[in-house]
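Here is how the chains run, residue by residue.
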Amino acid sequence: MTTDARRTRRPYPHAERQDVVQELHGVRVPDPYRWLEDAETTETRRWSAAQEALYAAERAAWPGLEQWEAEVAALGAGARVRSPKVRGGRVFWLRQEAGQEHPVLVVAEAGAGAGTPSATATATATERVLLDPSALDPSGRTVLDAWEPSVEGDLLAYQVSRDGTEDSLLRVIDVATGEVVDGPSDRVRKSSIGWLPGGGAFYYVRQLDPRLNPGEERYHRRVCLHRVGTSPDTDAVVFGEGRDKTQFYSVSVTEDGRWLGITATLGTGRGTDVYLADLSAAPLDRPLLRPVQEGMGAATRLHAVPGTGPADRVWLRTDRDAARGRVVACRPDALHLGHEAWHEVVPERPDAVLTHLVVLSGPELKNPLGLAAWTRDTVAEVTLHDLVEGRQVATVPLPGTGAVGDFSAVASGGHEAWFAYTDFVTPVRVLHFDARTRRLTRWERDARATGDPDGPGDPDAPATGDPAVDRPTTGGAVTRQVAFPSRDGTTVRMFVISPAGHPDRPRPALLTGYGGFGRTMSPRYRAQVLAWVRAGGVFAWAGLRGGGEEGEAWHRAGSGAHKQNTFDDFAAAADRLVEAGWTEPGRIAIMGGSNGGLLVGAALTQEPGKYAAVVCSSPLLDMVRYELSGLGPSWTPEYGSAQDPERLPVLLGYSPYHRVAPGTAYPAVLLTAADGDTRTDPLHARKMCAALQHATSGPGPVLLRLEHGVGHGDRAASRAAALQAECLAFLASHVGLPPPGGAAGAPPR
C-alpha cells in the first residue's frame, strides 16, 4: 500500500518535515521534527490541538470503552492503606477509600497510659484526617508528594505539588490543630526529612535559586538545615557544594538526634556515596561528615538506631563485593579504616537479591534483629537475622507469591515493623511483624479499612525456618511463572496471568516490561492486569535485563552499551508466548511507560511486524537529545551520553525516533503524554507521533493522547482509571479481545 493510498483513508494533521541535521562526532543525525520540541510555539500548539481532535474522534469509535472504564474503576476502587509511621504516641498513615480521588493522611492518638508508642496500641484510638489533598484543591490537581512527622509526633512536614510537576512546596503543621507553623518552602522535590529532637529544626534537600544557573533549575541540590519559623533563604547549607549538578541526596537522623546520615548518587546511577556525622561533636549547621563509602559503583544504605555510641554498631545494606546484596556492620569510630572494618552479618545469597532491611532494636530483644526482604526469581521472601551473632533466626511466611515493600518501624528502635504485601490478584495489604513473638499479622487498621480481617493464607502463622508454601490464585485470573532463553541463551523469567493458568488456546495477549534502572518487575496488583484477563486475555509481565530481578549484574547487562539485551529479551518473551500456545501472531499487544516506553518504542521500530498494537506512555524516544530536557541529564549513568563518541553509535542504533523508516507497515500505536511531566518531556511523544504518522503504510492509526494538568507520577484516581481503560480499549480493539462482559464472557465475579 502506498503512503498516498493510506492517507486517503486516514488523514493525519500536517507536520512539516524540516531539513534539520546535527553533526555529532562526524555523524550526521537528521531531526526533521525538532520544531516540535517547543510546546509553546504557535505551530506546535496548532499541531497538538489537531492531534487531540483526532484522538477524540478515534476514541469515540472504540468498542466497549464504557465497559473497560467500569471494569478498571471497579477493580481499583477498594479501600487501601499504607504502612504507618509511629512517632511520640501518635500513628500516621495514608488511607484511600472507594470514591476518594487521592489518599488522605490520617492520625490516631495513643492517649494517656498507652505506654511504648505502637501502631497496635492505638488500634482502638479515634482517628482523624490530618491532610486531604482534595480539600486543599478540589480540582484534584494537587497531590501529597511526601510527609514526615517530627520525633515527638507534634509537628508534621509535608510536601505537595500541583499539575503533575512534582515541584513541591514544603510546609510544617501543628498536628493537634492543623495550623501551618512554617513555610511554604519552594524548590523541594519529594525531599527526605531528618527531624531533630524537639521539633525546632530538620535537615532536608533543596535546589539552589534558579537564577544562579538558568535552565538548570531542577538540579544543583543541597542538603540544608532549616529552623522552623525562619525563612528558607537563611538555611545553612551543610552538604553538596562543589559536587556534580545531577546528584541526588537523601538525609536521615536517628531519633535521639545523635547521628546524621547522608547519601549521594550521581543522577540515577546505582552507586552511592555515604556519609555519617556525630551531631554531638560539632554545631548542627557544620556537622563533621565522615565518609562511610566514597567513589564506588556500589549501592549502599546506612541503618543506625537511637542509643548508638561511637564504639557501637551501625549497619550497611550494600552490594559492594556482593552483586545480590548483603548486610555488614561497622563502628562509627572505625570509619577511617574503610571497608576493611566491615563485618558481614547477613551474607549474599546465590539465589536471591536483597531489597530491604529494617533494624529492630527494642529493649525486649536480646540483640538487634534485621528484618530482611529478598526477591528469589522475582518473588518476595522475608527473613529475620541476629545482627550481632550474624545468623538467620527465622523465615517469615508470606500470604502468597508476591511482592513486599513500604517497610516501616518505630523510630525509637522498637520490636515492631510494618510492610505491604501484594500480588497480581491481591490488593495491597499492610502486615505487622512483632519481633518478640515472631508473628506476622494483618495490621488492624488495614483490616478495618478494607473489611477483610483475614486476608490470604494464614497471616497469624509464626515465623519459621521454612519458606512460605505457594497458594493458588483465584478470581478468574491464575498466575504462572515461566522461564525461557533470550536470543543469546540467557534465561529470562516472565509472569503469565491468564483465565486458565495454562495455554488452553491462543488468546489476545498483552505483554509489558521495564528493564531499566535496576527496577524489579515484581508481582503487584494492577486493575489493568485483572481487567484484561477477566475479559478473556493473557497478560504477560517480563523481567528483562536492565532491571533488578537478578541483582546488579543483571542491571548492568541491560544498560549502557548493553541496552540492546533489554530489547532482545522482550522480543524473546513475545516469541515464547506464541511458541507455548498462549497466543498467536497478530494477537500480541505491547505496553510500557517511561523507560518501558523506550522499550516498546524500540520493539515497534525493530520488529514492527511482530506486534498488532502498541501503547507507549510517557516515553523516552529521541535518545540522541534525551539529556537536554526533563531529568535527562540524571540518566546518563543508565544510558550514556551522545556527547561521548563511543556511546553515540549505541544510542543512535536503538533510538526509536531515529529508526522510523518511511513506507514501513507499523502497528497501531497510541502514544500518551502529560503536559506536567518534568521527568520525560512530552516532546518525545510529539516527535515520534509525527515521524510515525508520516512513515507508516500500515492500516492502524498512530495517535497521541496528551493529558493536561498531570505529570509522570501520581494523579487523581478517576483520571488514572480513565487512562488505563482507554489504553486497554485501544489495544483490545486491535487484537480481537471483546470488552468485559462481551462475547468471550468474563469470568464470574
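A quick note: this is a predicted structure, and the numbers were derived from the prediction, not measured.

A word on helix α8 (residues 564–579). Taking 1.5 Å as the rise per residue, α8 with 16 residues should run 22 Å; its terminal C-alpha atoms sit 22 Å apart, in good agreement. Regarding α8, the residues found buried are N565, T566, F567, D568, D569, F570, A571, A572, A573, A574 and L577. Two residues or fewer past α8, G581 is found with a positive phi of approximately 90°.

Running from N to C, helix α3 (residues 65–75) and helix α6 (residues 527–534) point in directions that differ by 130°, and their axes come no closer than 9 Å. As summarised for this structure, α3 and α6 are arranged oblique, according to the angle between their axes. Our pair here, α3 against α6, has a crossing hand that is right-handed. Residues W68, E71, V72 and L75 of α3 form the contact with α6, whose participating residues are A527, L530, A531, W532 and R534. In terms of residue class, the contact of α3 with α6 is built from seven nonpolar, no polar and two charged.

Scanning the entire structure with this criterion turns up 62 salt bridges. The shortest N-O distance in the salt bridge between R442 and D446 comes to 3.0 Å. Across the pair, exposure class does not vary: R442 and D446 are buried alike. Sharing partners across several salt bridges, the network here consists of D31, R34, E37, D622, R625 and K687.

Reading predicted coordinates in detail is not appropriate for stretches of low pLDDT. With 92% of its residues at a pLDDT of 70 or more, the protein shows a mean pLDDT of 92. Ignoring residues within four places in sequence, the model shows residues 111–117, a span with pLDDT below 50, making six contacts including any to other chains. Across residues 464–474, confidence stays below pLDDT 50; counting only partners more than four residues off in sequence or on other chains, it has 18 contacts.

Moving on, we come to the packing of aromatic side chains. Applying the stated rule across the entire model yields 16 aromatic pairs. Here F424 and W541 contribute two aromatic rings whose centre-to-centre distance is 5.4 Å and whose plane-to-plane angle is 75°, an arrangement assigned as edge-to-face. You can see F424 sitting in the loop between β29 (416–423) and β30 (426–434) and its partner W541 sitting in strand β35 (residues 538–543), a full 117 residues away along the chain. Among the aromatic residues, ring-to-ring pairing joins F424, F495, F539 and W541 into one connected group.

Let's shift gears to the sheet that holds β30. Spatially, β28-β29-β30-β31 is the arrangement adopted by the four strands of the open sheet, whose pairing is antiparallel. Every interior strand has two partners, whereas the edge strands, β28 (403–409) and β31 (439–442), have only one. On average, each strand axis in the sheet is inclined to that of its neighbour by 30°, with strand direction left out of account. By the bridge criterion, four bridges tie β30 to β31 in an arrangement that is antiparallel. Directly across from H432, in β31, lies its bridge partner T441.

Counting through the fold element by element, T42 comes out in helix α2 (residues 42–59). The exposure class of T42 is partly exposed, given its relative accessible area of 48%. In the structure, T42 is positioned 656 residues away from G698 in sequence and 30 Å away in space, judged by C-alpha atoms.

This paragraph deals with the nonpolar core. Within the largest apolar cluster, 114 residues are counted, with the highest numbers of intra-cluster contacts made by W68, M494, L511, W532, Y639 and L671. In terms of residues, this core owes the most to one element, helix α14 (residues 717–735), which gives 10 residues. Apart from the residues lying within four places of it in its own chain, the contact partners of W68 are P63, A531, W532, A535, A725, L728, A729, A732, L737, P738, P739 and P740. Judged by nonpolar contacts, the second largest core, of 23 residues, contains V358, A373, A417 and F433.

Turning our attention to the environment of G630. Relative to the assigned elements, G630 resides in the loop between β37 (613–617) and α10 (636–639). Along the primary structure G630 and V188 are separated by 442 residues, whereas in three dimensions their C-alpha atoms are 16 Å apart. Ignoring sequence-local partners within four residues, the contact set of G630 consists of Y219, T678 and R679.

Glancing now at the state of the cysteines. Joining two cysteines, a disulfide is a covalent bond between their sulfur atoms. Taken as a whole, this structure holds zero disulfides when the rule is applied. For the unlinked cysteine C689, the closest cysteine sulfur is that of C616, found at 11 Å. As a non-bridged cysteine, C727 has C616 as the owner of its nearest cysteine sulfur, 10 Å distant.

All right, on to the pairing of β37 then. Remember that side chains alternate between the two faces of the sheet whenever the strand is regular. With five of five residues buried, β37 lies mostly within the body of the structure. Of the two faces of β37, the one carrying A613, V615 and S617 and the one carrying V614 and C616 are both buried. Both strand β36 (residues 588–593) and β37 contribute to a ladder of five bridges, which runs parallel. When the sheet's bridge partners are listed, M591 is paired in β37 with V615. With helix α9 (residues 595–606) bridging β36 and the parallel β37, this β-α-β connection has right-handed handedness.

As a further point, take the side chain of E381. Its location among the elements puts E381 in strand β26 (residues 379–386). Of note is the side chain of E381, whose polar atom sits 2.9 Å from the side chain of R349. Engagement of the side chain of E381 in a polar contact is seen with the side chain of R376, the distance being 2.5 Å. Excluding residues within four positions of it along the chain, E381 makes contact with R349, A372, A373, W374, R376 and L398.

What counts as what
- Every chain's residues receive numbers from 1 upward, in the order its sequence appears when written.
- Note on the predicted model: pLDDT of at least 70 is required for a residue's local features to be given, and 80 or more for side-chain atom pairs to be given and counted; whole-chain, interface and lining totals, by contrast, use all residues.
- By convention in this description, side-chain values take in all heavy atoms of the structure and omit both hydrogens and water.
- Helical segments are the DSSP runs of H or I of at least four residues, strand segments are the runs of E of at least two, and each set is numbered from the N terminus.
- Here a helix's expected span is defined as the number of its residues, less one, multiplied by 1.5 Å.
- A simple rule labels every residue: compare its accessible area, found with a 1.4 Å probe on the protein chains alone, to the largest value its type can have, and call it buried under 20%, exposed over 50%, or partly exposed in between.
- To obtain each axis, a line is fitted to C-alpha atoms, and for helices this fit is confined to the stretch in contact; angles are then taken between N-to-C directions over 0 to 180 degrees.
- Oblique is the label for any angle not covered by the other classes, which are roughly parallel (under 35 degrees), roughly antiparallel (over 145) and roughly perpendicular (65 to 115).
- Each crossing gets its handedness from the near helix: less than a right angle anticlockwise from the far helix is left-handed, clockwise is right-handed.
- The contact definition used throughout considers only heavy atoms, calling two residues in contact when any of these lie within 4.5 Å.
- For this classification, Asp, Glu, Lys and Arg are treated as charged, while Ala, Val, Leu, Ile, Met, Phe, Trp, Tyr, Cys and Pro are nonpolar and the rest, including Gly, are polar.
- Salt bridges are identified by distance alone: a Lys or Arg side-chain nitrogen within 4 Å of an Asp or Glu carboxyl oxygen.
- Each residue gets a pLDDT score, which is the predictor's confidence in that residue and runs from 0 to 100.
- Each Phe, Tyr or Trp ring, with Trp reduced to its six-membered ring, pairs with another whose centre is within 6.5 Å; inter-plane angles below 30 degrees give stacked pairs, above 60 give edge-to-face pairs, and intermediate values give tilted ones.
- A pair of strands is treated as paired once DSSP finds two or more bridges between them.
- Here, the term nonpolar core denotes a set of buried Ala, Val, Leu, Ile, Met, Phe, Trp, Tyr and Cys residues that are joined through side-chain atoms within 4.5 Å.
- In what follows, a disulfide is any cysteine sulfur pair within 2.5 Å.
- By convention, a crossover is right-handed whenever its connection, traced from the first strand over the helix to the second and viewed with the strands pointing away, goes clockwise.
- Identification of polar contacts relies on pairs of N or O atoms within 3.5 Å, with a donor-acceptor requirement for protein atoms, meaning one able to donate a hydrogen and the other able to accept it, and with residues adjacent in sequence counted only if both atoms are side-chain atoms.

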